[in-house]
Amino acid sequence: MQNVKKIVLAYSGGLDTSAIIPWLKENYGCEVVAFAADVGQGDEELEGLHEKAIASGASECHIVDLKEEFVSEYIFPTITTGAVYEGEYLLGTSMARPVIAKAQVEIARKVGADALCHGCTGKGNDQVRFESTFAALAPDLTVIAPWREWDMVSREDLLAYLAERNIPTTASATKIYSRDANAWHISHEGGELEDPWQEPTKQVWTMTVDPEDAPDTPKRVTLSFDEGKLTHVDGEALSPYQALVKLNTVAAAHGVGRIDIVENRLVGMKSRGCYETPGGTVLLKAYKALETMVLDKAALKYREQIGLEFSHVMYDGRWFSALNDALLAGAASFAKKVTGDIVVKLYKGQATVTQRKSPNSLYSEDFATFGADDVYDQKHAEGFIRLFSLSSRIEALKKQGEQ
């Protein structure tokens, strides 16, 4: 064991981190400071957290409100890149990790800690995301990952460990889902989901209405953007976080935002997860619809390339990197044109863009019409096509001459 005096633990109040506090004290003989991030996971998740941390042996517990920073400084910039991991995952867990880890480092500096600790397992992505942030922002601090050190391997082991020390916990040995919630989404893993042939049962989903039970009448919501930033929902000016809360509420009621995927983890294995991202699904669909109005073909193609690359940068925990900065700068340059209004219809789990307008729109009815027009001479297309396909023509002629 390394010689450390004070450790700041990323604390959730769950079974793992409740066991980590006494384990750190026993094995490192040091003071443990608990740090909890409020990223919009809900008041019920934070209720009694301070008392629980102290009861587990922490000397202090710092609960930091990161909701607005999370949405405005991490979610919204990611939206401008159009990033979607492996075609479906909207990066809800991934986006929260850099803001949490950054705040953990700040707490460590504040209390004079010489080590940082997380409760991520050795099989997952989050260990990489946390420790990559620590490396970028606090390379001088020791990093401790109990799941890579202790000999406990199951929930039963953790429960027995806490019982032996008379440390209270609300967890049980019953096999339950592993969930992670924040303002953007909630994820579900474990239980029946470990079998990819098993359809998720109703108890998996906790945030959205079952699309089959959603209202029979569709709901339309208007999103207004100014240079890539969502500023109004249905004409109401809202902060980034409050706008997302409103979108979550209205979209969840119509069953929007559910996905069930098998994804490639960074560490090499595949995992199956169910995700609910109601407001985010609507927001991303609206943003991309507005982009199609204001970006030309070449610009949109390049922005799509940024989104593909950025999805891996975010998923892999490389927020604090030069590549991240470059990709965000490129996306931000395109976002300056993304101003306007989008109407999205919500119905039975689907979010469909039905109306769009922008002062920067490149769409011209004069040019696009199938009716008569005075601005486009269709004869000009012949020369364009001949030049556009010239290389193919030359290659075909060459082959004919060789025959």
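Residues numbered from 1 in each chain as written. Predicted model: local features only at pLDDT ≥ 70, side-chain atom pairs only at ≥ 80, totals over all residues. Heavy atoms only, no water.

Some words on the packing of aromatic side chains
Okay, so step 1: With the rule as written, the count across this model stands at 12 aromatic pairs.
Okay, so step 2: Considering the side-chain rings of Trp 23 and Trp 150, the 5.5 Å spacing of their centres and the 85° angle between planes classify their relative orientation as edge-to-face. Of this pair, Trp 23 sits in helix α1 (residues 15-28) while Trp 150 sits in the loop between β5 (142-144) and α7 (155-164); the two residues are 127 residues apart in sequence, bridging distant segments of the chain. Summarising the burial analysis for this pair, Trp 23 and Trp 150 share the class buried.
Okay, so step 3: A centroid spacing of 6.4 Å and a plane angle of 65° characterise the contact between Tyr 302 and Phe 334, whose relative ring orientation is edge-to-face. Placement of the pair is Tyr 302 in helix α10 (residues 297-315) and Phe 334 in helix α11 (residues 322-335), with a sequence separation of 32 residues.
Okay, so step 4: Through pairs of rings, three or more aromatic residues link up here, namely Trp 23, Tyr 28, Trp 147 and Trp 150.
Okay, so step 5: Across the ring face of Tyr 241, the terminal group of Lys 67 is positioned such that the distance to the ring centre comes to 5.7 Å.
Okay, so step 6: Seen from the ring of Tyr 161, Arg 165 lies directly overhead, with NZ or CZ sitting 3.5 Å from the centre. (Phe/Tyr/Trp six-rings, centres within 6.5 Å; stacked < 30°, edge-to-face > 60°. Helix = DSSP H or I, 4+ residues; strand = E, 2+ residues; numbered from the N terminus. Buried < 20%, exposed > 50% of the residue type's maximum accessible area, 1.4 Å probe, protein only. Lys NZ or Arg CZ within 6 Å of the ring centre and 35° of its normal.)

Digging into the sheet that holds strand β13 (residues 340-347)
Okay, so step 1: The strand order across the open sheet formed by five strands is β10-β9-β8-β13-β14, and the pairing between neighbours is antiparallel. Looking at strand neighbours, the two that pair on one side only are β10 (236-237) and β14 (350-357), the edges of this open sheet.
Okay, so step 2: Of the pairings in the sheet, the one linking strand β8 (residues 219-226) to strand β9 (residues 229-233) comprises four bridges and is antiparallel in character. Its bridge partner lying in β9, Asp 226 is registered against Lys 229.
Okay, so step 3: Across the sheet, helix α8 (residues 240-252) is in contact with β8, β9, β10 and β13; its angle to β9 comes to roughly 60°. (Pairing = 2+ DSSP bridges. Contact = heavy atoms within 4.5 Å. Axes fitted to C-alpha atoms, helices over the stretch in contact; angles between N-to-C directions.)

Section: the sheet that holds strand β1 (residues 6-10)
Okay, so step 1: Taken in spatial order, the five strands line up as β3-β2-β1-β4-β5 in an open sheet, and their pairing is parallel. A strand with exactly one partner marks an edge of an open sheet, and here the two such strands are β3 (60-65) and β5. On average, each strand axis in the sheet is tilted by 25° relative to the strand beside it, whichever way the strands run.
Okay, so step 2: As paired elements, strand β4 (residues 115-117) and β5 share three bridges and run parallel to each other.

So, the side chain of Lys 6
Okay, so step 1: In this structure, Lys 6 sits in strand β1.
Okay, so step 2: Relative accessible area serves as the criterion here: at 16%, Lys 6 is assigned to the buried category.
Okay, so step 3: Polar contacts involving the side chain of Lys 6 include one to the main-chain carbonyl oxygen of Val 111, which spans 2.9 Å.
Okay, so step 4: Not counting residues within four places of it along the chain, the set of residues in contact with Lys 6 comprises Cys 30, Glu 31, Val 33, Val 111, Gly 112, Ala 113, Asp 114 and Ala 115. (Polar contact = N/O pair within 3.5 Å; in protein donor to acceptor, adjacent residues only side chain to side chain.)

Notes on the side chain of His 188
Okay, so step 1: Relative to the assigned elements, His 188 resides in strand β7 (residues 186-189).
Okay, so step 2: Within the local environment of His 188, its side chain forms a polar contact with the side chain of Arg 179, the two groups lying 2.7 Å apart.
Okay, so step 3: The residues touching His 188, leaving out its near neighbours within four places in the chain, are Ser 178, Arg 179, Leu 193, Val 204, Trp 205, Thr 206, Arg 272, Gly 273, Cys 274 and Glu 276.

Things to note about the environment of Asp 366
Okay, so step 1: Along the chain, Asp 366 turns up in helix α12 (residues 365-368).
Okay, so step 2: You can call Asp 366 exposed: its relative accessible area is 51%.
Okay, so step 3: A sequence separation of 10 residues divides Asp 366 from Tyr 376, and the C-alpha atoms of the two residues are 8.5 Å apart.

Let's talk about the packing of helix α4 (residues 67-81) against α10
Okay, so step 1: The N-to-C vectors of α4 and α10 enclose an angle of 140°; their axes lie 8 Å apart at closest approach. In terms of their interaxial angle, α4 and α10 are classed as oblique. On α10, the residues that touch Thr 78, Thr 80 and Thr 81 of α4 are Arg 303, Ile 306, Gly 307, Phe 310 and Met 314.
Okay, so step 2: Here the residues of the contact of α4 with α10 sort into three nonpolar, four polar and one charged. (Parallel < 35°, antiparallel > 145°, perpendicular 65-115°, else oblique. Nonpolar A, V, L, I, M, F, W, Y, C, P; charged D, E, K, R; others polar.)

Notes on the UniProt feature "binding site: L-citrulline" (unreviewed entry) in the protein chain
Okay, so step 1: In the numbering used here, UniProt assigns the "binding site: L-citrulline" (unreviewed entry) feature to Tyr 89, Ser 94, Asn 125, Arg 129, Ser 178, Ser 187, Glu 263 and Tyr 275.
Okay, so step 2: Mapped onto the fold, Ser 187 is located in strand β7.
Okay, so step 3: Since its relative accessible area comes to 7%, Ser 187 is described here as buried.
Okay, so step 4: In contact with Ser 187, not counting residues within four places along its chain, are Thr 93, Ser 178, Arg 179, Asp 180, Cys 274 and Tyr 275.
Okay, so step 5: Summarising the element assignment, Glu 263 is placed in strand β11 (residues 258-264). (UniProt positions renumbered as here; feature names shortened; annotations may be inferred.)

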